[in-house]
Amino acid sequence: MVNKIFLLGNLGKDPEVKYFDENNVIASFPLATNETYIDKQGAKVTQTEWHNIRITRTGLAKVAEQYLKKGDMIFVEGKMKTRSYEDKEGVKKFISEVIIDSMKMLSKKTNSEHGDEQKSNQQTESMNTFSESSLNDDLPF
């Protein structure tokens, strides 16, 4: 059986990061993907699908916190998981999330504050692919 997801999309908002301690960090954000097609009347239609992204690997979550911003385009690889929780009224709710193992940042970053766009782009290009094997991320479980 296979549970593997690949998504290419844009962040709907800045990552929300929760620190439980220095070695346990979780980041989450919505990711929008678009599908465009021509309907029967010949009109171009774009449908947006929103995905809940969750990063449970501390190193990857810290990278997301530091480098990702609303609107950035990223490519993620991970797996689908569904979890449940109880709301304030005690009603059981379910949420499906993509737990990512790796990501590639595709938006170019510029350093307008220092006017050093070329250096910033080179740094982003050399640091924009992250995966569980590329980060020293020892998990306690």
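Now for a description of the structure that goes with this document.

The rules behind the values
- Residues numbered from 1 in each chain as written.
- Predicted model: local features only at pLDDT ≥ 70, side-chain atom pairs only at ≥ 80, totals over all residues.
- Heavy atoms only, no water.
- Pairing = 2+ DSSP bridges.
- Helix = DSSP H or I, 4+ residues; strand = E, 2+ residues; numbered from the N terminus.
- Phe/Tyr/Trp six-rings, centres within 6.5 Å; stacked < 30°, edge-to-face > 60°.
- Buried < 20%, exposed > 50% of the residue type's maximum accessible area, 1.4 Å probe, protein only.

1. Some thoughts on the pairing of strand β4 (residues 44-55)
Inference 1: One ladder, built from 12 bridges, connects strand β3 (residues 24-38) with β4; its direction is antiparallel. For T33, the partnering residue across the bridge sits in β4 and is E49.
Inference 2: The antiparallel pairing of β3 with β4 creates a hairpin that spans 5 residues between the two strands, and G42 there sits at a positive phi of about 85°.
Inference 3: Relative to strand β6 (residues 92-105), β4 is paired through 2 bridges, and the arrangement is parallel. Note that in β6 the partner of I53 across the bridge is V98.

2. Topic: the packing of aromatic side chains
Inference 1: If you walk through the whole model with that rule in mind, you get 1 aromatic pair.
Inference 2: Between the aromatic rings of F6 and F75, the centroid separation amounts to 6.1 Å while the plane-to-plane angle is 20°, which identifies the pairing as stacked. One end of the pair, F6, is in strand β1 (residues 5-11); the other, F75, is in strand β5 (residues 73-86), and 69 residues separate them in sequence.
Inference 3: Look at F75 and you get partly exposed, because its relative accessible area is 33%.

3. Comments concerning the pairing of β3
Inference 1: The pairing of β1 with β3 spans 2 bridges and is classified as antiparallel. When the bridges of β3 are listed, N10 appears paired with A32.
Inference 2: Where strand β2 (residues 16-21) meets β3, 5 bridges bridge the pair, whose relative direction is antiparallel. Bridge pairing in β3 places D21 opposite N24.
Inference 3: The antiparallel pairing of β2 with β3 creates a hairpin that spans 2 residues between the two strands.

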